[in-house]
Amino acid sequence: MEEQLLGSCLRLIVVEGLTANNVSKFNDKLESIFGSDLSFSEIVLDLANTKNIDSVGVTFVIGLYKRTEASSKHFSVSGASADILSLFRLMKLDQFFEVCE
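Rules used in this analysis
- Residue numbering note: each chain is counted from 1, following its sequence as written.
- Only residues with pLDDT of at least 70 get local features here, since the model is predicted, and only at 80 or more are side-chain atom pairs given and counted; chain-wide, interface and lining totals rely on the full set of residues.
- Excluding hydrogens and water, the side-chain values take into account all heavy atoms of the structure.
- Helical segments are the DSSP runs of H or I of at least four residues, strand segments are the runs of E of at least two, and each set is numbered from the N terminus.
- Expected span of a helix: the number of residues minus one, times 1.5 Å.
- Classification of residues uses two cut-offs on accessible area relative to the type maximum, computed with a 1.4 Å probe and protein chains only: under 20% is buried, over 50% is exposed, and between them is partly exposed.
- Directions pointing from the helix axis toward each C-beta atom define the arc.
- In what follows, residue pairs with any heavy atoms lying within 4.5 Å of each other are defined as contacts.
- As used in this structure description, the phrase polar contact means that two N or O atoms lie within 3.5 Å; if the pair is within protein, one of them must be able to donate a hydrogen and the other to accept it, and residues adjacent in sequence are counted only when both atoms belong to side chains.
- A crossover gets the label right-handed when its path from the first strand over the helix to the second runs clockwise, viewed with the strands pointing away from the viewer.
- DSSP calls a pair of strands paired once it identifies at least 2 bridges connecting them.
- What counts as a ring pair is set by centres within 6.5 Å for rings of Phe, Tyr and Trp (its six-membered ring), and what kind of pair is set by the plane angle: stacked under 30 degrees, edge-to-face over 60, tilted for all other angles.
- Two limits define a charge over a ring: the Lys NZ or Arg CZ must be within 6 Å of the ring centre, and within 35 degrees of the ring normal.
- We define a salt bridge as a side-chain nitrogen of Lys or Arg found within 4 Å of a carboxyl oxygen belonging to Asp or Glu.

## What to know about unusual backbone geometry
Thought 1: Not every positive phi belongs to a glycine, and Ser72 is a case in point at roughly 60°.
Thought 2: By the element assignment, Ser72 lies in the loop between helix H2 (55–70) and strand E4 (74–78).
Thought 3: Positive phi, close to 60°, is recorded for Lys92, a residue that is not glycine.

## Describing H2
Thought 1: Here H2 contains 16 residues, and its C-alpha end-to-end distance of 22 Å stays within 8% of the 22 Å for a straight helix at 1.5 Å per residue.
Thought 2: Every buried residue of H2 is listed here: Gly57, Val58, Phe60, Val61, Leu64, Tyr65 and Thr68. Take H2 and look down its axis: the buried residues cluster within an arc of 155°, on one side only. Across H2 from its buried face, at more than 90 degrees, point the exposed residues Ser55, Thr59, Lys66 and Ala70.
Thought 3: Check the buried side of H2 and you find it contacts strand E2 (9–13), helix H1 (20–34), strand E3 (42–46), E4 and helix H3 (82–90).
Thought 4: One side-chain oxygen at the N-terminal end of H2 lies 3.1 Å from the backbone nitrogen of Val56; it belongs to Asp54.
Thought 5: Phi turns positive one or two residues past the end of H2, at Ser72, with a value near 60°.

## Observations regarding the pairing of E4
Thought 1: Burial analysis of E4 places four of its five residues in the buried class, which makes it a mostly covered element.
Thought 2: Crossover E3 to E4 through H2 is right-handed.
Thought 3: Where E4 and strand E5 (residues 98–99) come together, two bridges link them in parallel fashion. In the strand pairing of E5, Val77 is matched with Val99.
Thought 4: Read as a crossover between parallel neighbours, the route from E4 over H3 to E5 is right-handed.

## Some points on the packing of aromatic side chains
Thought 1: By the definition in use, this model includes six aromatic pairs.
Thought 2: Among the aromatic side chains, those forming a connected cluster through ring pairs are Tyr65, Phe75, Phe88, Phe96 and Phe97.
Thought 3: When the ring centre of Phe40 is taken as origin, the NZ or CZ atom of Lys73, which lies over that ring, is 5.4 Å away.

## Considering the pattern of salt bridges
A side chain with one charge may pair with a side chain of the opposite charge, provided their charged atoms come close.
Thought 1: Throughout the structure, instances matching the rule amount to four salt bridges.
Thought 2: Taking the shortest distance from any N to any O, the salt bridge between Glu16 and Lys25 comes out at 3.1 Å.
Thought 3: Classification of Glu16 by relative accessible area gives partly exposed; the value is 28%.
Thought 4: The class of Lys25 is partly exposed, set by a relative accessible area of 41%.
Thought 5: A salt bridge links Glu31 to Arg67, with the shortest nitrogen-to-oxygen separation between them at 2.9 Å. A residue pair is termed long-range when its members are at least 10 positions apart, and Glu31 in helix H1 and Arg67 in helix H2 qualify at 36 residues.
Thought 6: For Arg67, a relative accessible area of 30% puts it in the partly exposed group.

As structure tokens, this is what we get:
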């Protein structure tokens, strides 16, 4: 996962599958982000390069959303494929955070 700070927006770019194989290293990255200066007011999870997501990946997204909200920051997902969008809508996650193509 790559990170880009653009003004007050922190963009987290997932460049691999959002699957059980990768989530532990993504969580390590989040620990360092949330353990440092939280000078941003928004987190955007960029899934444009993500082709697949499993249940562990969905749990990761929900956890990131909860952690972001607990820090009084705005959370959204961008670049999601049609399949991932459908999954988020089926699970009604789009009712909790913004999900964009």
